[in-house]
Amino acid sequence: MQTRFRQLWDLYEVGMTSTTFTIRSAGANVMCAFPFDRSLLDAFKRLVPPSDRRWDDKLKAWWIDPRYIDGVTALAQRYGYIVDRDLTNLDLSGSHVMRAVFRVCYIGGVKDRGNGVQTASGMDDSGKWFYTLPYDVLQEWFGVRADPSLARTLYGVLGAKRTDDADALKRAYRRMARQWHPDVCHERGATEIFQAINDAWATLGDTNKRQMYDFGLELEGETEKQSAPQSLWNPPLRCGDIEADAVQRVGGIQIMKIYGWNDIVNASGQVMVASWTPGATGPTFSWR
Amino acid sequence: MQDNQLVVVPGSLAHTAQATGKSIPELVAECSIVVILDQSGSMIETDTEDGRSRFDVADENLAKIQAAYPGKVLLFSFSSHYVFCPNGIPHREGAGTNLANVLEFARTADGRAEIVVISDGEPNEPYPDGEEAALRVARQYKHPIHTIFIGKPGGDGERFLDKLASKTGGRRFVAPTPGELAPGIIALLSGG
């Protein structure tokens, strides 16, 4: 896919003029490029909502959902631009769902993109924000969608489910402890999160305490209905080899359903830990 | 004390949760005592030393227990229904006495915390034999159920609680007045 994007960029660069609005396609992805024009840009953004467009800083172009092709064409014409439109490579049949393992090297926080769309962006191994992970897909994988209260329980701290057996819980604890150890994880609050992970394991790793904790969850559910958390829940993992159903969309890959989430492991058997130090311009990666 | 003037008892699970930032379920996991307190109609009796009702004096003593064991007391009150009381204040239902129900619900705590039943009379629910129903559930416990009798000694109520404790290997204590609850529970838990 990267090669096809490069070809697209070459086509764009050849054809661009100060009055040209260029539209190209590569598979199911559609790219728009135009000279900076504040009023046109504002109109473009009003037409194409944030969830359906993505700025590509390397190509200096916008990826848009194919359903806006005619709309942006008409918009450009209204603003007096020559529309250079070539959709011979458009292939919407290629937007079929593909199942594969995607290496997501860093996952940002879930954000509200407008129009009720909430997603997290994922970075590929070239440092490009290439992946879109919808909030509901992440919630479903971590069990939070079916059980919203899970996010604020000790199970949520470990990225585990209440139905996990002892071995699964132990694996979850080890993974989280490895990912959030303050020696290698520089995310905001990593020290506190690491402590919370250890505290959670101290309770859930003990059979008797776990049963009493589960009893406590049942009691809490009987006595009060807590209001839903006001802030968006963020998944507890920052990277992974994610096996999923996905589609090409808006110049990248949108994850549709997750089937597996494994650590990224190098040839020496070390696990990658990704974190973003507050104030840094990008994530850092460590191997443990 | 009037319970409408006290929202959260110091040392209760809710109070400890506020103080420590831990959740109620996390504190339940650390509880070492489960108090099952009778709040049936007979607890309205004002046979205490200062003329207050058994309800009021039991509240006061429970506050002492929770202050002595902060964050360690899991409190249920029961009458015809049982209620979890994380704020440390028993719920006054003032109806019948269904001990079987709450003992069944509290079985998770069997072997994980000391179970103490505080009551003044024989169970009369579920109909027709609340006493046998309670003993049937108690026999499923693998660890002791301790009992504290409140009221005039020598009656059927005391005899039932004696039987309940002995069937499970628990200790028995008599508190003729609710004012002796706190020392009674502390004595039970300390083996005194």
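Residues numbered from 1 in each chain as written. Chains lettered and ligands numbered in written order. Predicted model: local features only at pLDDT ≥ 70, side-chain atom pairs only at ≥ 80, totals over all residues. Heavy atoms only, no water.

A. Representation of the packing of aromatic side chains in the model. For the coordinates displayed, the defined rule picks out 19 aromatic pairs over all chains. Considering the side-chain rings of Tyr 173 of chain A and Trp 201 of chain A, the 4.9 Å spacing of their centres and the 5 degrees angle between planes classify their relative orientation as stacked. Pair noted here: Tyr 173 of chain A is in helix 6 (residues 166–180) and Trp 201 of chain A is in helix 7 (residues 190–204), with a separation of 28 residues, a long-range link. Taking the relative accessible area as the measure of exposure, Tyr 173 of chain A reaches 17% and is therefore buried. Plain terms: the ring middles of Tyr 82 of chain B and Phe 105 of chain B are 4.6 Å apart, the flat faces sit at 20 degrees to each other, and that makes the pair stacked. A residue pair is termed long-range when its members are at least 10 positions apart, and Tyr 82 of chain B in strand 3 (residues 82–84) and Phe 105 of chain B in helix 4 (residues 99–105) qualify at 23 residues. (Phe/Tyr/Trp six-rings, centres within 6.5 Å; stacked < 30°, edge-to-face > 60°. Helix = DSSP H or I, 4+ residues; strand = E, 2+ residues; numbered from the N terminus. Buried < 20%, exposed > 50% of the residue type's maximum accessible area, 1.4 Å probe, protein only.)

B. Region of interest: unusual backbone geometry. The peptide bond linking Glu 125 of chain B to Pro 126 of chain B adopts the cis configuration, its omega dihedral lying at 0 degrees. Inspection of the secondary structure puts Pro 126 of chain B in the loop between strand 4 (114–119) and helix 5 (130–138). A cis amide bond links Tyr 127 of chain B to the next residue, Pro 128 of chain B, at an omega of 10 degrees. The phi torsion at Lys 60 of chain A lies on the positive side, around 55 degrees, for a residue other than glycine. The topology assignment puts Lys 60 of chain A in the loop between strand 3 (53–56) and strand 4 (61–64). When its relative accessible area of 45% is taken as the criterion, Lys 60 of chain A is described as partly exposed. Located in the positive-phi region is Val 250 of chain A, a residue other than glycine, with phi close to 50 degrees.

C. Geometry of the packing of helix 6 of chain A against helix 7 of chain A. Residues and elements named next belong to chain A. Packing of helix 6 against helix 7 brings their axes to within 9 Å, and their N-to-C directions diverge by 165 degrees. On the basis of their axis angle, the class for helix 6 and helix 7 is roughly antiparallel. The hand of the helix 6/helix 7 crossing is left-handed. Of helix 7, the residues touching helix 6 (which contributes Leu 169, Lys 170, Tyr 173, Met 176, Ala 177 and Trp 180) are Ala 190, Ile 193, Phe 194, Ile 197, Asn 198, Trp 201 and Leu 204. Of the residues contributing to the contact of helix 6 with helix 7, the split by class is 11 nonpolar, one polar and one charged. (Axes fitted to C-alpha atoms, helices over the stretch in contact; angles between N-to-C directions. Parallel < 35°, antiparallel > 145°, perpendicular 65-115°, else oblique. Left-handed = near helix turned anticlockwise from the far one by under 90°. Contact = heavy atoms within 4.5 Å. Nonpolar A, V, L, I, M, F, W, Y, C, P; charged D, E, K, R; others polar.)

D. Highlighting the sheet that holds strand 5 (residues 82–86) of chain A. Residue and element names in this part refer to chain A. With respect to topology, five strands assemble into an open sheet ordered 3-4-2-1-5, the strand pairing being mixed. Looking at the sheet topology across the chains shown, the edges are occupied by strand 3 and strand 5. Across the sheet, the mean angle from the axis of one strand to that of its neighbour is 20 degrees, orientation sign disregarded. Where strand 1 (residues 20–26) lies against strand 2 (residues 29–33), five bridges are found, and the strand directions are antiparallel. When the sheet's bridge partners are listed, Ala 26 is paired in strand 2 with Asn 29. Packed onto the sheet, helix 2 (residues 38–47) meets strand 1, strand 2, strand 3 and strand 4 and runs at close to 20 degrees relative to strand 4. Along the sheet, helix 3 (residues 69–78) makes contact with strand 1, strand 2, strand 4 and strand 5, crossing strand 5 at roughly 155 degrees. (Pairing = 2+ DSSP bridges.)

E. Structural view of the nonpolar core. By size, the foremost hydrophobic cluster in this structure holds 80 residues, and its most contacted members are Ile 36, Leu 74, Phe 76, Leu 99, Leu 103 and Leu 164 of chain B. Take this core: its biggest share by element is six residues, from helix 6 of chain A. Once residues lying within four places of it in the same chain are set aside, the contact partners of Phe 76 of chain B are Phe 215 and Leu 219 of chain A together with Val 34, Val 35, Ile 36, Leu 37, Val 83, Phe 84, Val 102, Phe 105 and Ala 106 of chain B. Judged by nonpolar contacts, the second largest core, of 19 residues, contains Leu 62, Cys 85, Ile 148 and Ala 175 of chain B. (Core = buried A, V, L, I, M, F, W, Y, C linked by side-chain atoms within 4.5 Å.)

F. Expanded view of the interface of chain A and chain B. Counting residues at the interface gives 15 residues for chain A, matched by 16 residues for chain B. The contact between chain A and chain B buries some 1,500 Å² in all, and 72% of this surface belongs to carbon and sulfur atoms. The largest share of the area that chain A buries against chain B comes from Met 212, Phe 215 and Leu 219 of chain A, three residues that together contribute 42% of it. At the boundary of chain A with chain B, the tally comes to one salt bridge. Between Lys 209 of chain A and Glu 30 of chain B there is a salt bridge, with the nearest N and O atoms lying 3.7 Å from each other. Across the contact surface, chain A and chain B share two residue pairs in polar contact (both at pLDDT 80 or more). Here the element with the most residues in the side of chain A that touches chain B is helix 8 (residues 207–223) of chain A; it accounts for 13 residues. Classifying every residue of the side of chain A that touches chain B gives six nonpolar, five polar and four charged. (Buried area = accessible area lost by both parts, 1.4 Å probe. Salt bridge = Lys/Arg side-chain N within 4 Å of Asp/Glu carboxyl O. Polar contact = N/O pair within 3.5 Å; in protein donor to acceptor, adjacent residues only side chain to side chain.)

G. Spatial organisation of the pattern of salt bridges. Under the counting rule described, the total for this entry stands at 25 salt bridges over all chains. Arg 152 of chain A is the partner of Glu 220 of chain A in a salt bridge, and the nearest nitrogen-oxygen pair spans 3.3 Å. Within this pair, whereas Glu 220 of chain A is found in helix 8, its partner Arg 152 of chain A is found in the loop between helix 4 (135–141) and helix 5 (154–157), the two being separated by 68 residues in sequence. For Arg 152 of chain A, a relative accessible area of 42% corresponds to the partly exposed category. The shortest N-O distance in the salt bridge between Glu 60 of chain B and Lys 64 of chain B comes to 3.9 Å.

H. Layout of helix 6 of chain A. All names here are of chain A. In this model, helix 6 (15 residues) spans 21 Å end to end at C-alpha, consistent with the 21 Å of a helix rising 1.5 Å per residue. All buried positions along helix 6 are accounted for by Ala 168, Leu 169, Ala 172, Tyr 173, Arg 175, Met 176, Ala 177, Gln 179 and Trp 180. Where helix 6 begins, the side chain of Asp 165 points an oxygen toward the backbone nitrogen of Asp 167, at a separation of 3.2 Å. (Expected span 1.5 Å × (residues − 1).)

I. Structural view of the confidence of the model for chain A. Looking at chain A as a whole, its pLDDT mean stands at 88, while 90% of the residues score no less than 70. Here residues 11–16 of chain A is modelled with pLDDT under 50, and outside its nearest four sequence neighbours on either side it reaches seven contacts, counting other chains as well. (pLDDT = per-residue confidence, 0-100.)

J. Examining the sheet that holds strand 4 of chain B more closely. Residues and elements named next belong to chain B. As summarised here, the arrangement of the six strands in space is 3-2-1-4-5-6, forming an open sheet in which the pairing is mixed. Each having just a single partner strand, strand 3 and strand 6 (172–175) make up the two edges of the open sheet. Averaged over all pairs of adjacent strands, the angle between strand axes in this sheet comes to 20 degrees, irrespective of strand direction. Where strand 5 (residues 145–150) and strand 6 come together, four bridges link them in parallel fashion. Counterpart to Ile 150 in the pairing with strand 6 is Ala 175. Helix 6 (residues 156–168) contacts strand 4, strand 5 and strand 6 of the sheet and is inclined by roughly 170 degrees relative to strand 5.

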